[in-house]
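The primary structure of each chain is shown beneath.
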Amino acid sequence: MSDRVSSCSWDRLGWDLTELILSNLPLRSMLRASAVCKAWRDVLLSLAHAPRQREVRRPWLFLHGHNNVVPRLARTAFAYDPDDDDGHSSWVSFTLPPDCFAGAGGYAFASPSPSRLAFAPLLCDCDTDAAAWRHTPPLASSRCNPVVAVVPSSSSGPGRLSFLVVGGARFVGGLVDIEDRLPTELYDCCDTAAGDGGASSGWEQCAPLPAEFGTGSSSSLWLSSALVRGRFFFVCGTYSCTVSAFDLPRRAWTAPRELRPAPGLVAAFVAPGRGAERLVLAGVEEGGAAFGVWDVDPATLAARKVGEMPPELAAGLLPGSVRCVGQDGVLYVFSEEQHRAYAACACEVSERLACRWRKLPPLPVAELSRFHKMVAFCSPVLLRHQLRSGPAH
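Everything in this summary refers to the structure shown in the same document. Quick caveat, the model's predicted, so the values are computed rather than measured. (Residues numbered from 1 in each chain as written. Predicted model: local features only at pLDDT ≥ 70, side-chain atom pairs only at ≥ 80, totals over all residues. Heavy atoms only, no water.)

## A short note on the packing of aromatic side chains
- Throughout the structure, instances matching the rule amount to 13 aromatic pairs.
- Judged by centre distance (6.3 Å) and plane angle (85°), the ring pair of F62 and F94 falls under edge-to-face. Here F62 is found in strand β1 (residues 60-66), whereas its partner F94 is found in strand β3 (residues 91-95), with 32 residues between them in sequence.
- Residue classification places F94 among the buried residues on the basis of a relative accessible area of 6%.
- Note on F109 and F163: the rings are 5.1 Å apart at their centroids and 85° apart in plane angle, and the pair reads as edge-to-face. Here the residue F109 occupies a position in strand β5 (residues 107-113), and F163 occupies one in strand β9 (residues 160-166), the gap between them amounting to 54 residues. Across the pair, exposure class does not vary: F109 and F163 are buried alike.
- A connected cluster of aromatic rings, assembled from ring pairs, spans Y107, F109, F119, F163, Y187 and W203. (Phe/Tyr/Trp six-rings, centres within 6.5 Å; stacked < 30°, edge-to-face > 60°. Helix = DSSP H or I, 4+ residues; strand = E, 2+ residues; numbered from the N terminus. Buried < 20%, exposed > 50% of the residue type's maximum accessible area, 1.4 Å probe, protein only.)

## Overview of the packing of helix α2 (residues 14-23) against helix α4 (residues 38-48)
- Axis separation between α2 and α4 bottoms out at 10 Å; the angle between their running directions is 70°. On the basis of their axis angle, the class for α2 and α4 is roughly perpendicular. Seen along the crossing, α2 lies across α4 with a hand that is right-handed. Taking contact as the criterion, the partners of W15, T18, E19, L22 and S23 in α2 are, on α4, W40, D42, V43, L44, S46 and L47.
- Among the residues forming the contact of α2 with α4, the class breakdown is 6 nonpolar, 3 polar and 2 charged. (Axes fitted to C-alpha atoms, helices over the stretch in contact; angles between N-to-C directions. Parallel < 35°, antiparallel > 145°, perpendicular 65-115°, else oblique. Left-handed = near helix turned anticlockwise from the far one by under 90°. Contact = heavy atoms within 4.5 Å. Nonpolar A, V, L, I, M, F, W, Y, C, P; charged D, E, K, R; others polar.)

## Concerning the nonpolar core
- In this structure, W60, F62, L123 and W133 are the most contacted members of the largest nonpolar core, which totals 30 residues.
- Where this core is concerned, the elements lending two or more residues are α3 (27-33), α4, β1, β2 (76-80), β3, β5, β6 (116-121) and α6 (383-389).
- With 5 residues, α4 is the largest single contributor of residues to this core.
- Excluding anything up to four places from it in sequence, W133 contacts L96, P97, A108, F109, A110, A118, F119, A120 and C126.
- In terms of nonpolar packing, the next biggest core, distinct from the first, is built from 22 residues, V306, A314, C345 and C347 among them. (Core = buried A, V, L, I, M, F, W, Y, C linked by side-chain atoms within 4.5 Å.)

Okay, here's the thing in structure tokens:
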């Protein structure tokens, strides 16, 4: 009798109430719910294509282990789900191509060659779903380790998006070509989950990064980035604290400025604030034992300190080499040092600029010595991609 009553109750909820309930589930719970019945799957598919769906889910942290000697060991990747509070199960393990170097906007990016870019939905396992990887036309200027972002498309139509490629390094005879400033490039395409898969014929070339960034330090290894207000793509030099923004409608860079609100700031990283309306700056302060967070006005670059990493978290990361990636007011800070087991923590900056810190569980792998370095990036995981490819474990 209770099963019968339960079944009737769910049937009577109606579309709107079912949508409200399912929309509050963590992403992986949504995927499990999509397998319960066709009605729930239809509701979730509708949610997946809602214009603001990607904004209500917190971004994930991705770590991709690289091995400089044995490339096959450089396929292991880990994704941290911030909405799963069950300890070690917060980490999802999957595989990425050894040449994967970045992720943004729900996509992973790999570089099969210096002139080619491949992309696939995040959490897509390259061992079991190699067909999900698509290739762009050749870049106008070949490069290694550029900054890559997903930005709004200037074209109309469902599922349109653009990939923005900034900086990077060009090698000549095994050495970095310090004389060649690489153009900024834009490629317009269509997400096949929402459109017909059509794409522009090639890459649009725009002005290169300002000369103040220097060719030798213009790769993603030395830069952080943030898309603010859907228009300004900020780039920040990690050690120079030099900041400039690419104005997407104007296809031009703003004049470079130094963003160093504390005289002792020795390493700086930028990320979009909550709702991507403001800029967040985070970095290692003088002495290497403190890590601060600043709210930044994107128009004036006026900065105000809003938080600092608690001492108990800083003790596990500092002093030492750290990297910070973030999206939508969520910052992930992790140690790049193997002996610290790539320890990480998260900071959520609220709309009222309050900082909430927490320690992340350790990576679910015993032999961290097989990785020579970890490539980190932060991105939302898009529900529409996961409903198409199946649940993440």
